[in-house]
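What the coordinates show
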Amino acid sequence: MRAVSVAALFALLLCLNTTTSFIAQDAPAEPATIILGECLVLPAVGGGGRSPVRADPFESQLIRSNFAAPKVGDKVKRLDGTEAEWRAAAANEDGWLGARDLAGGYAWWSVELKQAGVWLLHARGHGAVYVNGELRGGDVYNYGNFPVPVALKAGTNHFCFLMGRGSIRAQLEYVASPGLHVIGDWTLPDLVQGHAMQLHFGAVAVLNSTSRTLQVTGYVSGSGINVPPMVGSILPYSSRKMRFSFAPPKELMPGKHQLTLRVSADNDPQLTQTATFDIQVVSESDRRKVTFISNIDGSVQYYSVVPARPLPGQTDKPGILLSLHGASVEASGQAGAYSPKSWCHIVCPTNRRPFGFDWEDWGRIDALEVLEHAKATLDHEPSRVWLTGHSMGGHGTWSVGAHFPDKFAAIGPSAGWESFDSYGGGGGHPPQHKLSPMLTRGANQHRTLLLKHNYKSQGVYILHGDADDNVPVTQARMMRDALKEFHNELHYFEQPGAGHWWDDGHDDGADCLDWAPMFDMFAKRRLPHASEVMQIDFTTCNPGNTHSCHWAAIHMQRVQHEPSRVQLRAEPNNGRIIGQTSNVTRLRLAVSTILQPREQVGLSLDGQELECDWPKAGVLWLERAGDVWSAAAEPSLKLKGPHRYGMLKGAMRRNVVLVYGTKGDESENAQMLAKVRYDCERWQYQGNGTFTVVADSDFAPAKFVGRDIVLYGNADINSAFSFVAGAPISVRRAKVVIGKRELAGDDLCLLFCYPRPDCELSSVCVIGGTGLAGLRLADRLGYFISGASFPDVFLYGREMLEKGTGGVLAAGFLGEDWSIERGEIVWRDEE
């Protein structure tokens, strides 16, 4: 590649028409483009996968302060005792480096420079990369749109790539003028003709290649009404997905229209850039993209809609079909696989990215956010809501449908899989280790078949090709066999000879998605009103994810994260509710929904007879102490409940704010900043999102009311740790305290979540270390990996990287009052 200016380079790569001014560096003393060529490679020696546990002996070496660059022939011992060896390798003529045994392995690339400077690392195929020891984000899915700015030194610079799926490509581009760069990755809506002057939301990635945090503002030229400006900060040598608003000043005709975004930083004319983007204007009946602001992080997300096209004389309102895409697809592609229907809108979320979160964790929340936004903006019949999806979206259909059985009248998984255990690499834990049952229990929320009885109230149509070489048809057969034992409206079809994606070639939608018999079932199914539901059979493993079905809700479990089930039957004529419960200690019954008001409500629960006064608000609360049920007052929100039930990811759901420390020594402060930068890069890449990031010196709880807070470091190096001073858990330099237990050492890493003390809904999440070695241990923890279930408390040292689950020191769940005493923390060294 020939050397070009940074502005021209971005214009070339991202098809942007930009004009910009920057502060120039000295001319490079080496080529402006350096391409990965000769290097060293190491086959996989460990990994983490969908688990809080990471086992990687080389990572254990890499994060040591005395680590030396590897040489050909150096060996690394795996957990099973075998050895992997570093060997020489070189990229091919197309710049790609790879081999079959390198998936999950490493590549080590050393670059000699005559002078220090800022460079853009353009790499693809890697999970992450250490640049002179600092972990930076990767592009494992090979999107090709995630440049990383790096400050390199004069002399030898080391790049250690995590090989991802086994092949990578990398090159460095010299940044002649460090500054502000609009780099693309746009999230944009389509505009509907006839809706001029409406406020719309978009987002774009903006890169900061300077050595300081930039305060960025921006606006779209020519908006017809006052719109909120783009506002936010971008960390040094980083990028951020920035939100902006716009409103066309006049009616636009169908077709493509170009708008201009102007972005600047620190009110500095030297740090200003303009970029153009295209907006599509469509008619009311055309397929279109819709954007909205997510409550998870305040970012702009999008979904696609295939609007209903009612027939002449049709008076019934259309329903909404929520359709979940497969891996590598996104919302617009999913919507394009359907022909329009007269009786339903087809709404396609995007899981935040084409791979996203497998419709688990934040992906499941994205599906619900889209559904609620579509319900609020599309004219529809509330009782006509259905769910379908293909491949990964087929799994999402099983998972989302099981979690929310009263939201969907019917579900139609196509080519879907059951769980990460059966397909997709679940994070297992060897049974011989004391902490394995606790860590396994935390992942129950992802085991779909544990919730199988929730499908009873839904119509179910299972669709699969019997020659599918991607998701085996045995996944569909397993689900069919599990449901046919009790389900009375189960439909099943295997397409003979069909693979993973199949279609008859006609212009009427893809058959594996737009399957006529399945749509016939959807058209006939309606959601009942809650007052019409006489029987409920509902299970949850995590009330923080799902807790209610119609008029019954599980608010607390006897054993947290084991399946909890209620089987209830209402007898309106007798004013009674009868049923059985399992692993439930707090139950909410909306009796006014199903029974006529009367002096007392009769209950028969688990063989116990109760007569309870009719509750004033029509909601009856019940608590179980031992084996005895009794009526109770509405519980305090300070207790655990569906609003805040723990688990590390559960503390990262409400407009998250990251707070890094600045009170440590130079290396500690640098590590905390590096860690928060990496987490932001990972979230932007995988979740198409953005976190608010502040230093501890700028953190004031009153500025971030109602938001989840993530604290990095420890109480001695991050002053914001005073915010959780009342927790029974603490981490300081060289010391961790969990209840009455205290551990010493500078190489401990502690993760925990706790209620935000000034809020009854939000949480605080701590990613802590007792010293630089402990902080480095948190580098690659997979809390943004779908299916990786981190408990309330998770403590480990370097031993985890060398022994896996056997090296975890403690893990468990805090009690319903968030105490250690009423919780369940398992220690490796306790009998």
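Everything that follows concerns the structure shown earlier in this document.
As the structure is a computational prediction, the values presented were derived from the model and not from experiment.

Below, the discussion takes up unusual backbone geometry. Non-glycine residue Tyr237 carries a positive phi angle of around 50°. Tracing the backbone through its elements, the reader meets Tyr237 in the loop between strand S19 (230-234) and strand S20 (238-246). At Ala415, a position not held by glycine, the phi torsion is positive, near 50°. By the element assignment, Ala415 lies in the loop between strand S28 (410-414) and helix H6 (436-442). Accessibility expressed as a relative area gives 3% for Ala415, which makes it buried.

With that settled, consider the environment of Ser436. In this fold, Ser436 is placed in helix H6. Using a relative accessible area of 2% as the deciding quantity, one classes Ser436 as buried. Along the primary structure Ser436 and Gly806 are separated by 370 residues, whereas in three dimensions their C-alpha atoms are 8.6 Å apart. When neighbours within four sequence positions are excluded, Ser436 is seen to be in contact with His429, Pro430, Pro431 and Thr805.

So, about the environment of Ala702. Of note, Ala702 is situated in the loop between strand S42 (692-695) and strand S43 (709-713). Taking the C-alpha atoms as reference points, Ala702 and Asp758, 56 residues apart in sequence, are found 9.1 Å from one another.

On to the side chain of Asn718, then. Along the chain, Asn718 turns up in the loop between S43 and strand S44 (729-732). By relative accessible area, which is 0% here, Asn718 ends up buried. Here the side chain of Asn718 touches Tyr712 through a polar contact of 2.7 Å, landing on its backbone oxygen.

A full pass over the atoms with the stated rule returns 47 salt bridges. With a closest N to O distance of 3.3 Å, Arg364 and Glu360 form a salt bridge. Under the relative-accessibility criterion, Arg364 is labelled buried at 3%. On the basis of relative accessibility, which here comes to 0%, the residue Glu360 falls in the buried class. Of the charged contacts, one joins Arg732 and Asp716 as a salt bridge, the two residues approaching to 2.8 Å between their closest N and O atoms. Here the residue Arg732 occupies a position in strand S44, and Asp716 occupies one in the loop between S43 and S44, the gap between them amounting to 16 residues. Accessibility expressed as a relative area gives 35% for Arg732, which makes it partly exposed.

This part covers the sheet that holds strand S26 (residues 344-348). Pairing between the strands of a sheet is mediated by backbone hydrogen bonds and can be parallel or antiparallel. Spatial ordering of the open sheet is given by S23-S24-S26-S25-S27-S28-S29-S30, a layout of 8 strands whose pairing is mixed. Strand pairing shows two members of the sheet lacking a second neighbour, strand S23 (288-293) and strand S30 (490-495), which therefore form its edges. Going from strand to strand, the sheet's axes swing by 20° on average, the running direction of each strand aside. Pairing between strand S25 (residues 319-324) and S26: 4 bridges, direction parallel. Bridge pairing in S26 places Gly319 opposite Cys344. On top of the sheet, helix H7 (residues 473-483) reaches strand S29 (459-465) and S30; it is set at about 160° to S30, its chief contact.

Conventions adopted
- Residues numbered from 1 in each chain as written.
- Predicted model: local features only at pLDDT ≥ 70, side-chain atom pairs only at ≥ 80, totals over all residues.
- Heavy atoms only, no water.
- Helix = DSSP H or I, 4+ residues; strand = E, 2+ residues; numbered from the N terminus.
- Buried < 20%, exposed > 50% of the residue type's maximum accessible area, 1.4 Å probe, protein only.
- Contact = heavy atoms within 4.5 Å.
- Polar contact = N/O pair within 3.5 Å; in protein donor to acceptor, adjacent residues only side chain to side chain.
- Salt bridge = Lys/Arg side-chain N within 4 Å of Asp/Glu carboxyl O.
- Pairing = 2+ DSSP bridges.
- Axes fitted to C-alpha atoms, helices over the stretch in contact; angles between N-to-C directions.

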